[in-house]
Amino acid sequence: TFVPGALDFAWSAAADVAGWVAWVIVGVIGAIAVGIGAYRYGGDYLERRRPPREAILHTYWQLTFLARLIGVGPPASQTPLEFAESLGKRMNDAFTRPTNRFILQLRESVGPPTGTPEVIAAVYARTVYGGAIPTDEERRSVEETWRNLRWRMPFAFSSRHKASR
């Protein structure tokens, strides 16, 4: 509508700013949605396209990378199976040890991991050191275990005190 007089410029400027802000908000929300979709579905698509051996190696690399980021990465003296066993014990201890109320509620809502790092490490060791080609069942098991662990590992160690080594 037309506003007569001096208010015409003020209404026009306000409408321009409001329209610009709305487009920025829509753009940011759209970029976030595209990013989440690409991460969620694009990553799974790329994983399926990898050869079985490469998929297993990449999954173990992701496990060790995330463990290092959290501060519980594998020492150079541990084999993959020893690292996975110690990481599994640390995660179980971390989900059961007392800590502040917020972290306890957060861990309860996320739930303990159903897969164990040992599954990933066993197939990795068999592939790398045994020279075996992973079967489709092993690949699916490793991928499912990783999908379960990658969201729960940060919650397991989310406190000021690292898990005991």
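Residues numbered from 1 in each chain as written. Predicted model: local features only at pLDDT ≥ 70, side-chain atom pairs only at ≥ 80, totals over all residues. Heavy atoms only, no water.

**Quick notes on the overall build of the protein**
No. 1: For the protein, the count of helices and strands is six helices and zero strands.
No. 2: When the helices and strands of the protein are placed in sequence order, the string is α-α-α-α-α-α.
No. 3: Looking at the 165 residues of the protein, the share that counts as buried comes to 32%.
No. 4: Put simply, of all contacts in the protein between residues at least 6 apart along the chain, 73% involve residues at least 24 apart.
No. 5: A total accessible area of about 11,000 Å² is found for the protein, and carbon and sulfur atoms account for 63% of it. (Helix = DSSP H or I, 4+ residues; strand = E, 2+ residues; numbered from the N terminus. Buried < 20%, exposed > 50% of the residue type's maximum accessible area, 1.4 Å probe, protein only. Contact = heavy atoms within 4.5 Å. Areas by Shrake-Rupley, 256 points an atom, 1.4 Å probe, with all protein chains shown as cover.)

**Some thoughts on the environment of Val 142**
No. 1: Along the chain, Val 142 falls in helix α6 (residues 136-156).
No. 2: Relative accessible area serves as the criterion here: at 0%, Val 142 is assigned to the buried category.
No. 3: Along the chain, Val 142 and Val 123 lie 19 residues apart, while their C-alpha atoms are 7.7 Å from each other.

**Re helix α5 (residues 117-128)**
No. 1: Between the first and last C-alpha of α5 there are 16 Å, a value that for 12 residues agrees with the 16 Å anticipated at 1.5 Å per step.
No. 2: Within α5 the residues assigned to the buried category are Pro 117, Ile 120, Ala 121, Val 123, Tyr 124, Ala 125 and Thr 127.
No. 3: Packing partners of the buried residues in α5 comprise α2 (52-70), α3 (80-96) and α6. (Expected span 1.5 Å × (residues − 1).)

**What to know about the packing of α2 against α6**
No. 1: Packing of α2 against α6 leaves a shortest axis separation of 11 Å and a crossing angle of 15°. Considering their axes alone, α2 and α6 lie roughly parallel with respect to each other. Handedness of the α2/α6 crossing: left-handed. Along its contact with α2, which presents Pro 52, Ala 55, Ile 56, Thr 59, Gln 62, Leu 63, Leu 66, Ala 67 and Ile 70, the element α6 presents Arg 139, Val 142, Glu 143, Trp 146, Leu 149, Arg 150, Met 153 and Pro 154.
No. 2: Here the contact of α2 with α6 is composed, by residue class, of 12 nonpolar, two polar and three charged. (Axes fitted to C-alpha atoms, helices over the stretch in contact; angles between N-to-C directions. Parallel < 35°, antiparallel > 145°, perpendicular 65-115°, else oblique. Left-handed = near helix turned anticlockwise from the far one by under 90°. Nonpolar A, V, L, I, M, F, W, Y, C, P; charged D, E, K, R; others polar.)

**Thoughts on the confidence of the model for the protein**
No. 1: For the protein, mean pLDDT is 79; residues scoring 70 or higher make up 74% of the total.
No. 2: Of all secondary-structure elements in the protein, the lowest mean pLDDT belongs to helix α4 (residues 101-110), at 68, while α5 reaches the highest, 93.
No. 3: Within the model, pLDDT remains below 50 along residues 160-165, and this stretch shows 11 contacts once partners closer than five positions in the same chain are excluded. (pLDDT = per-residue confidence, 0-100.)

**Quick look at α3**
No. 1: In a regular helix each residue adds 1.5 Å, so 17 residues correspond to 24 Å; α3 covers 24 Å between its end C-alpha atoms and thus fits that length.
No. 2: Among the residues of α3, Pro 80, Phe 83, Ala 84, Ser 86, Leu 87, Gly 88, Arg 90, Met 91, Ala 94 and Phe 95 are the ones counted as buried.

**Remarks on the side chain of Arg 139**
No. 1: In this structure, Arg 139 sits in helix α6.
No. 2: Using a relative accessible area of 11% as the deciding quantity, one classes Arg 139 as buried.
No. 3: In this structure the side chain of Arg 139 is engaged in a polar contact, spanning 2.8 Å, whose partner is the backbone oxygen of Arg 50. (Polar contact = N/O pair within 3.5 Å; in protein donor to acceptor, adjacent residues only side chain to side chain.)

**Notes on the environment of Glu 82**
No. 1: By the element assignment, Glu 82 lies in helix α3.
No. 2: You can call Glu 82 partly exposed: its relative accessible area is 40%.
No. 3: Counting along the chain gives 39 residues from Glu 82 to Ala 121, while the straight-line C-alpha distance between them is 8.8 Å.
No. 4: Within polar-contact distance, the side chain of Glu 82 engages the backbone nitrogen of Thr 79 at 3.1 Å.

**Describing the pattern of salt bridges**
Between side chains of opposite charge, a pair can form when the charged atoms approach closely.
No. 1: Within this structure, the stated rule accounts for three salt bridges.
No. 2: In this structure, the salt-bridge partner of Glu 85 is Lys 89, at a minimum N-O distance of 3.4 Å. Taken together, the residues Glu 85 and Lys 89, both in helix α3 and four residues apart, mark about one turn of the helix.
No. 3: By relative accessible area, which is 40% here, Glu 85 ends up partly exposed.
No. 4: The salt bridge partner of Arg 139 is Glu 143, with a shortest N-O separation of 3.1 Å. Taken together, the residues span about one helical turn, with Arg 139 and Glu 143 both in helix α6 at a distance of four residues. Taken as a pair, Arg 139 and Glu 143 share a single burial class, namely buried. (Salt bridge = Lys/Arg side-chain N within 4 Å of Asp/Glu carboxyl O.)

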